[in-house]
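# Architecture at a glance
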Amino acid sequence: QFPIYLSIYLADLFLILDAGHALSIIGLNKQMLYEYVGNVLVGAKPQDEGHPSPPTTGWIVRGKLTLQRQSELVMAAALVIDDVTLNNSGEKFLQNKEMYPPYKPFKIVLTPEGAISHVAFKEGDPIWSMNFKRAIASVLQFQIKSSGAFVVDELGIHGTCRTEYFVSNKTNYISLRKTPELKTCIPYSEAVHTTRSNVPPINCEFDHQKSVIIGNEAIYGLLPHNETGYFLSMAHAKGTTLIHTFESTGEAQYINSELLLNFLNETSIDNPIDIETSMASEPSNLELQPLDPNDPTGGRNPQQQETLVAQAAALLDTLAEGLETTEFKFSEPYDATLSDVIKLLSEMDFDSLTKLYHEVDIGTSYRQETIRNIFHEIIPRIGTKASVFLTHHLVVNKMTKPQIAVQLLIPMPFHIFELSRELVLKCVDFLKIGPDRPDVRQAAILSFATLVHNVYVAKGIDKEEFEEYVQKYFNAYLNDRDFDQKMLYLQGLNNLQLGNVADYLEPIVQDPNENEDLKFQAAWTTLALAPTRAERMYEIYWPIFESRNASLELRVAAVTLLLISNPTAARLISIHRIIQSETDPHMINYYRTTVTSISETTYPCYQHLSRFILTPVTISFRRRLLSYMHRHLPQKPEPRYWVTGNYIFDYRDSKFGIGAMLQVFLVGDPKSDMPVVAFFKFDTEALGKFTGQLALYIKARGLPDTILSKMQSRNSSEPFTFKSIKALLAMLNAPIINSKDLHLEFILQMEGKTVLSYYLNQRMFRQLTLDNILDRIQEIIRTDSHINMQTVRWPFMNRYSVPTVLGTVSDVLLQTTVLTSLRGNITKQSQPPITKHTLEIDARYSSYASVRSRSYNPFLNLDHEINREQGFLIYIPFSSELNLNETGINCRSYSFSRPQNLTSGLSFKSRAVTKTKGLITKTAAAPFEEIMLPESRNEVVQLFSHSLPDLGVQVAISTNLNELIKYRGMLLKSEFTENGFSGNMVVNVLMYVFGFTQLSSIHLGHDRNFTMLMSNEKATRIEGSFCAEDVLKTSDLKGKQISLTLEHTDQLAESHATEDSPRPDVLHRWNITLDVQASTKSNWFKVIGQIQRNSKDDEEDWKACTKLTYEPLVFTKRPHTLNGNVVFGLATEEGECPENGSTVQFAARAGVSSWNRIPNLRNFMDMPLQPSEHARAFLRSDKISLTDTDFCPKEVLKFSPIPTSKYCKRSNFENFTSITQYDMDLKFNKMPAWFELWSNRLDHVVSALSAHKVDSLHMSQEINISMHTPHDYFRLAVEVNGVKWRFHQIPFLYKLDSKFDASHELTYDSGLKRSCSVINGMINTFDDYLINLEEISVGPECLTLLVADCSPQPQMAVFLTPSKAHGLGSNYGLRVHVGQNYFSLRSRSSATPTDEPVLIYLNQEQTPHNVRQKPYQWPAGSSDYDLRVELNEQNILIVECTQLSATIQFDLYNILNFEIYGVYKHQMCGLCSKPLNRMQNYTICEPVESTTNPVPISVPLQNSSDVVVFA
């Protein structure tokens, strides 16, 4: 009958249990004794299965817990600690007086339903003890409503959490499992009690892995009881904290904690626990009490402020001392000293920080200066209230230099984690800093605005108070008249950002009388607010966007704001349609690049378009709309309009949670097509945080004019005479185009907030550069200076406080600290005629990254932690001397030296360290410390080691191959996704390299070990001289003789050495001499060189001689050719080239078609090169493969570059002018044995790749390489000694062009150079407008202004003269004015034969000069000329004006090309400058007999667009 009785008993039991809660388990006036066991374990799992885990650390506390039910709603609890045991050593510690606080009893107050209402503690009970007891009470909090599973809200150490219960009925007991859903806990969601980070989170949607994952559960066992029906026999709470920075590849750290209660006995209350006397007046709930930031032990061992100051001072001294030594621990580059200093300073109060400041501020020694530098770098980054107060104290009271004050103010508001109204009220004094410290005032105003914004966001001040500060900044903007001050307060409003900021800025944009620059800044400031103000954005910026009279800057700002303001679909379509009809190429290019960038970006905040164009509600529909807009973009304008665009280059890897984005926003000047506004934004992300947000805004208007005017006034040898040109232009009523005054704005932003704001105008620039920027820069460089600069960066820090189930402190810290140092001297000593410049630099970089899991043992005051740390150390010493001879000898002597036993280079390593450390008792003689390292199972392999005896150093590279293989695999698994917008492979490679670097710095490897070191045992010194002398300088050729000597010794120069002191023996010597000749008209050059090496220890010296000649391509006549030979062998005593040495002859060619291979390479340079028959046939044939029209005749191919127009582009001839054939021949004679070995190996490799059987290719004798690239750009045919391959799908293969070389293409595509062409009477202006020249021609005696310099001091004017017989449309002559000189070239009736004289008529005397016989230049006989006229081998007249760097090419008949740099374009007038610089008259008529009184003729214009007949 026992099962029947048992089932009846259990049924009754559940009826009792339905009453509810755990603490009914103790009967009234009863006492229960439990065994208490608490356990904490900190460790990490191995990265690979089968490998040992890193050592763990932890502790176990054992004791007895007594519970007394003294009344219906009150329970008393008391704990007695028996011992505390360390896991690793097994060392056991018994109770001591410092463990006394847990012995104090505490009261547990119940609700009538039996749940815990609150707890009460004794007065003076420290936080750590109260939290320990709260955890006990929390374990006793459980509920039983029914059998099975149910969910309730329950109070615990993390607050009120949704808690899951599962009650199971066993045979003779009841088992209960409790699992709180930690994400629902209020206020400590996910069991993270405090989070501190010095980097902002990414608020956009992002699927990164969480760094900390926490799970808690508790298991209870209930046994039957005669009186209460049941009692608690066992309670077992478990907590797990997992740290996964990179779960797929990294080690997983953990913090495991357990609290176990085992029932021992039950008795009546004989000795009641005192819970009435000396109790705290205020009750406490079960939530763990936060710790004081200045006391992380919770009162167990509060640090004395004097101790903190002493420790910090000692560590700062250690840091400074480490920067003075040259003995680095490259074997262990882990330096946590900086992290420890930051931790100590974070725990100090204001008085302690002030005391420490006064200690480090005393003294002028080198070390003391270093300590001060490091202290000033750390203070604004620790983010405590005390650090802010110290910054305020130092800045307001003028206790530091202005540059130090700025250094303190800039980073301060970005790192504060104790944001409060108190800080705002304290720092409001920053607004009172006077104009006597302008830089400090600027930084203070901007930093205070950022501080107010951050406090407002943290709800430290209310909206009304925030708006008061917004009003202050706006009133300051209105009351100040200086542009730089208005700009400053605008940036202050940008930093405030929220509230009514946009309402204050919008009237500035709408004010027609406001400065355009300020209007643009005001518009740009509202970018962050645009998504929330869609309708206001439309009302204000749509009229600006549609207005063609608005400035380009404002129109670009308007379309940007409209796009990011969450526009409706209809509004998007309207924007798209307006752009489709837009005529401004700048606006078209900006729109194209913006849509393209957004549609293909991988940047999370742009990818989901939460800021650009889309809202989450309609994201699917609008994404399709954006796709439509992307597919129907307007036609792409010319490449030179890149100066106005919005470019985004980015990558990201979702697996590892990293990414970066570079955004380049540009606005150009419509007249000069030069960039005026540039905004660069660079963001990096990792683990769901922005690890860097930098932005740079530059507005430079008039900067090219300012610099060019200074350079021209500096370089011009004689003043130009402008009277004749001025008179001609005055008769035409030509506009006088003044140079633009300088307007320079410079704004630097961090995390979207401005930290620096500078403005320069013409006057300020003149004062800053002392009227000559080049001399000013040289003066700064040459000034003697002492360098002692240190920077501290804390680029990444995340700290999570994750208490254990015991209620003890544990936390997780991910951080990186960086210390850089640059120390040395730059000196200048003059002992005429020798001036000696000495440079001694010591550069160091030390980075320390760590992922640390820590648990604090309050009973023994020990920290138990496991730390995966990574050290990156770079040390580069540099010592040099440079001697300059001022007597006219063009030689420079130099020296480089290294002291003995010096090792420099870099070390990059990681490891896991397990530590247990602390001061167990206050009277302990020494701190307790236990450090354990995992056993290393991977050997370090030296990949490369090479001795350089000629330099006296040895280079070695070592690494851990196992980690290298894993690292390679990690990179192959990475998902770097580049923005498809970038077709530039170089940009993509750079972004990938940066991603590789970012991944390396954030991902802490398992056992990374990489070193690259340069070392020398003996002292080494390299000295020598460099000489360069001009031996030839004519208008056609220039020549130089260059010599370089290098000598190596093992003794350093003594400072007291004299001229009579014996020179140290030279161990190695190198002599290099070069004779270089080059053409001033083309890229032709010829080099004859010799290299000789002598060594004291080697038996034989060697010498090499070379001869090299390059001839550039001449279209239809010869290809690019590079010919030469190298002879090397043993050096002779006479110093001659080795006659019987090894010889290498080579010849390389690149042309538009195949060239017959030269059978005898030795005579190659003497053989005439035959022109391409295909090319010559093309020019002779009437049936040509290209479209030959009046607008684009084949004669344009004579020009280099080809003159282009709307109907005549270089793409018309691309298939014909592209260089598709590359050949190279090498021949070897008497080569050394090592060459025979490697050439035979190469022969075997190439033969093995042949499709046919090949015995030998004889590559030790000669190598013949031929490459052919067809016009489709996707195939490459390669032939090596008869072995042929064909490669397909090579889209990045770049092809050269015979008419547009790389420099031409780059200068024209970038807009650096601009051209205006005349082809058969059609003018293609600088801006691609077509003008019919016949519409302007009025008579044979008239001059038509093609282009002229219309600056106040015009330097050039070009006129066209019509043909008397055939009219201007068929052919024309030329008249060119340059300064006080001019010449005329009369029109011809037909193309000029190659042997007919070409006469130009000079100046008013009309002196004839045949340029076919001799070029004309002025001044005559000088290599530095202002004007030069010559005829090239293509029968093209070349006119050069060096003052404007302008060039005219004219075929003597009816094709002309005028070329000039883009910086001068805005000051040009004439037909080439239409439609920007318009004129009423373009024609001057003068009698044939006289040229003294020309008469302007007004040409009737057909319409408002003058005579532009083609758009």
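Residues numbered from 1 in each chain as written. Predicted model: local features only at pLDDT ≥ 70, side-chain atom pairs only at ≥ 80, totals over all residues. Heavy atoms only, no water.

### Here's the deal with the confidence of the model for the chain
- On average, residues of the chain score 82 in pLDDT, and 84% of them are at 70 or above.
- Predicted confidence for residues 1-23 stays below pLDDT 50, and this span has 38 contacts to residues more than four positions away or in other chains.
- Scored below 50 in pLDDT, residues 1488-1493 makes six contacts in the model with residues more than four places away or belonging to other chains. (pLDDT = per-residue confidence, 0-100. Contact = heavy atoms within 4.5 Å.)

### So, the state of the cysteines
- By the definition in use, this model includes six disulfides.
- Cys1105 shares a disulfide with Cys1137; S-S distance 1.9 Å. Between Cys1105 and Cys1137, the S-S dihedral sits near -100°, and the bridge is therefore left-handed. With a gap of 32 residues between them, Cys1105 in strand E34 (residues 1102-1111) and Cys1137 in the loop between strand E35 (1120-1130) and strand E36 (1142-1151) connect regions that are remote in the sequence.
- Overall, Cys1105 belongs to the buried group, its relative accessible area being 8%.
- A residue is classified by how much of its surface remains accessible, and Cys1137, at 29% relative accessible area, is partly exposed. (Disulfide = S-S within 2.5 Å. Helix = DSSP H or I, 4+ residues; strand = E, 2+ residues; numbered from the N terminus. Buried < 20%, exposed > 50% of the residue type's maximum accessible area, 1.4 Å probe, protein only.)

### Here we look at the packing of helix H7 (residues 385-396) against helix H8 (residues 402-409)
- Here H7 crosses H8 at 155°, and the two axes come no closer than 10 Å. Between H7 and H8, the crossing angle belongs to the class labelled roughly antiparallel. Relative to H8, H7 is oriented so that their crossing is left-handed. Here Thr391, Leu394 and Val395 of H7 lie close against H8, whose contacting residues are Ala405, Leu408 and Leu409.
- The residue makeup of the contact of H7 with H8, split by class, is five nonpolar, one polar and no charged. (Axes fitted to C-alpha atoms, helices over the stretch in contact; angles between N-to-C directions. Parallel < 35°, antiparallel > 145°, perpendicular 65-115°, else oblique. Left-handed = near helix turned anticlockwise from the far one by under 90°. Nonpolar A, V, L, I, M, F, W, Y, C, P; charged D, E, K, R; others polar.)

### Brief notes about the side chain of Asp83
- The topology assignment puts Asp83 in strand E3 (residues 74-86).
- Polar contacts involving the side chain of Asp83 include one to the side chain of Thr85, which spans 3.5 Å.
- For Asp83, the residues in contact, after removing those within four places along its chain, are Ile60, Val61, Arg62, Lys92, Phe93 and Leu94. (Polar contact = N/O pair within 3.5 Å; in protein donor to acceptor, adjacent residues only side chain to side chain.)

### Examining the nonpolar core
- Formed by 96 residues in total, the largest nonpolar core has its most connected members in Phe448, Tyr541 and Phe545.
- Core analysis: the next-biggest nonpolar cluster, separate from the first, contains 81 residues, Ala77, Ile255, Phe796 and Ile920 among them. (Core = buried A, V, L, I, M, F, W, Y, C linked by side-chain atoms within 4.5 Å.)

### Quick look at the packing of aromatic side chains
- Summed over the entire model, instances satisfying the criterion amount to 35 aromatic pairs.
- Where Tyr34 meets Phe263, the ring centres are 5.7 Å apart and the plane angle is 70°; that geometry is what we call edge-to-face. Highlighted residues: Tyr34 in strand E1 (residues 30-44) and Phe263 in strand E13 (residues 253-268), separated in sequence by 229 residues.
- Ring geometry for Tyr590 and Phe665: centres 5.5 Å apart, planes at 85°, overall edge-to-face. Here Phe665 lies in strand E15 (residues 658-668) and Tyr590 lies in helix H18 (residues 585-600), a separation of 75 residues in the sequence. You'll find Tyr590 and Phe665 in the same group, each marked buried.
- The structure contains a cluster of three or more aromatic residues connected by ring pairs, namely Phe520, Trp524, Tyr590, Phe665, Phe679 and Tyr697.
- Above the face of the Tyr477 ring, Lys486 is positioned so that its terminal group lies 4.2 Å from the ring centre. (Phe/Tyr/Trp six-rings, centres within 6.5 Å; stacked < 30°, edge-to-face > 60°. Lys NZ or Arg CZ within 6 Å of the ring centre and 35° of its normal.)

### Concerning the pattern of salt bridges
- Throughout the structure, instances matching the rule amount to 49 salt bridges.
- A salt bridge links Glu869 to Arg911, with the shortest nitrogen-to-oxygen separation between them at 2.7 Å. Here Glu869, found in strand E23 (residues 862-885), pairs with Arg911, found in strand E25 (residues 902-918); they are 42 residues apart in sequence, far enough to count as distant.
- The class of Arg911 is partly exposed, set by a relative accessible area of 21%.
- Arg1021 is the partner of Glu1023 in a salt bridge, and the nearest nitrogen-oxygen pair spans 3.4 Å. For the pair shown, Glu1023 and Arg1021 are each scored as buried. (Salt bridge = Lys/Arg side-chain N within 4 Å of Asp/Glu carboxyl O.)

### Notes on helix H4 (residues 337-346)
- In terms of residue burial, H4 counts as a mostly covered element, since eight of its 10 residues are buried.
- Residues of H4 that are buried include every one of Thr337, Leu338, Ser339, Val341, Ile342, Leu344, Leu345 and Ser346, and no others.

### What about a negative patch on the surface?
- Residues Glu1133, Glu1134, Glu1136 and Glu1139 make up a contiguous surface patch of negative charge.
- Inspection of the secondary structure assignment puts Glu1133 in the loop between E35 and E36.
- A relative accessible area of 82% means that Glu1133 is categorised as exposed. (Patch = residues over 30% accessible without salt bridge, like charges linked within 9 Å, V, L, I, M, F, W, Y side chains within 5 Å. Areas by Shrake-Rupley, 256 points an atom, 1.4 Å probe, with all protein chains shown as cover. Lys, Arg positive; Asp, Glu negative; His and termini not counted. Charge placed at Lys NZ, Arg CZ, Asp CG, Glu CD.)

### Quick look at the pairing of strand E48 (residues 1399-1402)
- Of the strand pairs in this sheet, strand E47 (residues 1381-1385) and E48 are connected by two bridges, and their pairing is antiparallel. Of the residues in E48, the one forming a bridge with Phe1383 is Leu1402.
- When E48 meets strand E49 (residues 1407-1410), the two strands line up antiparallel, connected through four bridges. Bridge pairing in E49 links Leu1402 to Thr1407. (Pairing = 2+ DSSP bridges.)

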